[in-house]
Amino acid sequence: MKQANISDFCALEDKEYLSKVKEFFKDKKHTYFVETYGCQMNVRISQTLAGMFQEMGYVPAESKEEADAVIFNTCCVREGAEDRLLGNLGKLKQIKKKKPEMLIMVCGCMVQEQGSAEKLKKRFPFCSVLFGTHNVHEMPKLMFSALTKGERQVSVWEKEGDIVENMPALREKEASAFVNIMYGCNNFCSYCIVPYVRGRERSRRSEDIIAEVRQLVKEGKKEITLLGQNVNSYGKNSDEISFPELLRELNKIDGLERIRFMTSHPKDLSDQLISAMAECEKVCKYIHLPVQSGSNRILKLMNRHYTREDYLLIVKKLREKMPDVAISTDIIVGFPTESEQDFEDTLDLYKQVCYNSAFTFVYSKRIGTPAEKMEEQIPAEITKDRMARLIALSEECCLRANEKYLGRTLEVLVEGVSKKDESLVFGRSDCGRMVTFSGCACLTGKIVKVKITSVKLNTLIGEME
Ligand code: SAH
Ligand code: SF4
Ligand code: F3S
């Protein structure tokens, strides 16, 4: 796959483009605000948006109301994410009335949805720039055109282009960083919009990933989280190394202390991955393994390509090789036709695995997905009841899993001082749990040993050793 960098792209039409853009924004001391919805991959894209703003000479604004340029990086995976964006965008309309020079932009998955850009354009005439998921690197060019020509800029690429390397990125966390290893998804789970808005799977070159991680370590990062919609299929359809091999390569990097990754699709979780996880000391013994449902009938309708038996076997193998491995999951409640028995199968699987934590979602109909056409959508009162039962069970399992850490010493990468109590700091353990303990801001970015003395649902509480 051809690789290019941002300067090449900006210069496609005009060799002097990037310098022209930079010159235009120079000394303006404009401020920007990036608002992010959705998954970690969107968080990572927002870091690139912020990086591009800063390259253009923009500085961060305190709030979106005060900013000269605001960008909403959107998500459309469920209706709720869309509703929040629409509400927040509506609020800015009044501010723009008082501040007509304010630049309001919308990008990301919602814009990429078929027909959505046109709808957004009509509904929000005060948005000056709209672009999709495949042309993020065009932001400077689109902003420049909107500002210099005074015309709205709408650019949505229908298909994914080449991977654009070397984009600027503003990573705010001191010691941890997200690193994309692949983009897009080929799985077409029947409920999911992601493959339609993120395009086909494409993997970055391993040498680019390794170089980026080395650079991040040089900048002081200790932990990296590798991102992809399905990291287990990294390297497929190309001559790249496999995901387990990539983990082994990254494990060799001096100065790097922790490697995390997400998300893993159970159908592609190989024995080689389990061995790599177990054998690489830097790879955290934690895995996010979305099951979605515990019913074989529903899993089939969801197009997930595994059975509950396959899934439970993976969990068994993970625990055989790594007795302490922490496991979390995603579950959808109320998928079309889900019966009480199907739901009880999900509860039963949940009890068998007894997850450390779970993200639970009520099924949300997405236009254009196969599940949209399925008859028998489940009424809200039933999904509400099922959700309450699932959450009760997940809380019980979470507490039970947390109690296992009582009296044990965990390594915690400190993220900062608690907002609620300045005498406390917080961070994540190797197993992905939030830990708080007495300490000072000077510990931020350090990995320290903490003995767990009590547990709550979402936090482990301890003392530094
Ligand atoms: N690629 C990842 C997750 C992508 S979206 C994976 O395959 O695991 C994150 C989660 O959102 C999914 O795991 C799923 O549980 C949930 N989700 C996706 N589409 C949904 C929909 N239409 N309604 C409800 N939840 C959905
Ligand atoms: Fe969506 Fe399935 Fe792809 Fe995850 S694997 S992004 S749930 S289609
Ligand atoms: Fe949402 Fe797009 Fe991520 S739809 S979950 S932001 S890939």
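Residues numbered from 1 in each chain as written. Chains lettered and ligands numbered in written order. Predicted model: local features only at pLDDT ≥ 70, side-chain atom pairs only at ≥ 80, totals over all residues. Heavy atoms only, no water.

1. Some points on the sheet that holds strand β20 (residues 447–455)
By definition, the strands of a sheet pair up through backbone hydrogen bonds, in either a parallel or an antiparallel sense. The five strands are arranged β17-β18-β19-β21-β20 in a closed barrel whose pairing can be described as mixed. Averaged over all neighbouring strand pairs, the angle between strand axes comes to 50 degrees, with direction disregarded. As paired strands, strand β18 (residues 424–429) and strand β19 (residues 434–438) are joined by five bridges and run antiparallel to one another. In the strand pairing of β19, Leu424 is matched with Ser438. (Pairing = 2+ DSSP bridges. Helix = DSSP H or I, 4+ residues; strand = E, 2+ residues; numbered from the N terminus. Axes fitted to C-alpha atoms, helices over the stretch in contact; angles between N-to-C directions.)

2. Details of the packing of helix α9 (residues 206–218) against helix α10 (residues 243–251)
For the pair α9 and α10, interaxial distance at closest approach is 11 Å and the crossing angle is 30 degrees. Our classification of the angle between α9 and α10 gives roughly parallel. By crossing handedness, the relation of α9 to α10 is classed as right-handed. On α10, the residues that touch Ser206, Ile209, Ile210 and Val213 of α9 are Leu246, Glu249 and Leu250. The residue makeup of the contact of α9 with α10, split by class, is five nonpolar, one polar and one charged. (Parallel < 35°, antiparallel > 145°, perpendicular 65-115°, else oblique. Left-handed = near helix turned anticlockwise from the far one by under 90°. Contact = heavy atoms within 4.5 Å. Nonpolar A, V, L, I, M, F, W, Y, C, P; charged D, E, K, R; others polar.)

3. So, the site of ligand 1
Around ligand 1 there are 15 residues in total, and Arg78, Gln229, Gln292, Asp330 and Ser364 lie nearest to it. Take Asp330: an N or O atom from its side chain is 2.6 Å from an oxygen atom of ligand 1. Taking Ser364, its main chain carries an N or O atom lying 2.8 Å from a nitrogen atom of ligand 1. With the chains in place, 90% of the 540 Å² that ligand 1 exposes on its own is no longer accessible. Secondary-structure elements contributing two or more residues to the shell around ligand 1 are β15 (326–333) and β16 (357–362). Across the shell around ligand 1, the residue classes tally to seven nonpolar, four polar and four charged. Three or more residues apiece are contributed to the shell around ligand 1 by two domains, here domain 2 (172–284) and domain 3 (286–404). (Near = heavy atom within 4 Å. Polar contact = N/O pair within 3.5 Å; in protein donor to acceptor, adjacent residues only side chain to side chain. Areas by Shrake-Rupley, 256 points an atom, 1.4 Å probe, with all protein chains shown as cover. Domains from an automatic or database assignment.)

4. Overview of the domain arrangement of the protein chain
In terms of domains, the protein chain is made up of domain 1 (2–155), domain 2 (172–284), domain 3 (286–404) and domain 4 (409–464). Between domain 1 and domain 3 the total buried area reaches about 400 Å² when both faces are included, carbon and sulfur atoms providing 42% of it. Put simply, Arg366 and Glu82 hold a salt bridge, and the shortest N to O gap is 3.4 Å. At the boundary of domain 1 with domain 3, the tally comes to three residue pairs in polar contact (both at pLDDT 80 or more). When grouped by side-chain class, the residues that make up the side of domain 1 that touches domain 3 number two nonpolar, no polar and three charged. (Buried area = accessible area lost by both parts, 1.4 Å probe. Salt bridge = Lys/Arg side-chain N within 4 Å of Asp/Glu carboxyl O.)

5. Some details on the packing of aromatic side chains
How two aromatic rings sit relative to each other is set out by the distance from centre to centre and by the angle between their planes. Taken as a whole and assessed by the stated rule, the structure comprises nine aromatic pairs. Geometrically, the ring pair formed by Phe53 and Tyr58 is tilted, given 5.2 Å between the ring centres and 55 degrees between the ring planes. Between Arg78 and the ring centre of Phe361, over which it is positioned, the NZ or CZ distance is 3.7 Å. (Phe/Tyr/Trp six-rings, centres within 6.5 Å; stacked < 30°, edge-to-face > 60°. Lys NZ or Arg CZ within 6 Å of the ring centre and 35° of its normal.)

6. Considering the site of ligand 2
As a matter of local geometry, ligand 2 sits amid Cys185, Asn187, Phe188, Cys189, Tyr191, Cys192, Val194, Pro195, Gln229, His265 and Arg304. Among the residues forming the shell around ligand 2, the class breakdown is seven nonpolar, three polar and one charged.

7. What about α10?
Residues of α10 that are buried: Phe243, Pro244, Leu246, Leu247, Leu250 and Asn251. Projected onto a plane normal to the axis of α10, the buried residues spread over an arc of 155 degrees and lie on a single side. Its buried side turned inward, α10 meets α9, β12 (223–227), β13 (258–262) and α11 (271–279). (Buried < 20%, exposed > 50% of the residue type's maximum accessible area, 1.4 Å probe, protein only. Arc of directions from axis to C-beta.)

8. Things to note about unusual backbone geometry
Met262 connects to Thr263 through a cis peptide bond whose omega is 5 degrees. For Thr263, the location among the structural elements is in the loop between β13 and α11. For Thr337, which is not a glycine, the phi torsion comes out positive at approximately 75 degrees. Examined against the element boundaries, Thr337 turns out to sit in the loop between β15 and α14 (340–353). The phi dihedral of Glu376 is positive, around 60 degrees, even though this residue is not glycine. With respect to the helices and strands, Glu376 occurs in the loop between β16 and α15 (380–403). We classify Glu376 as exposed; its relative accessible area is 52%.

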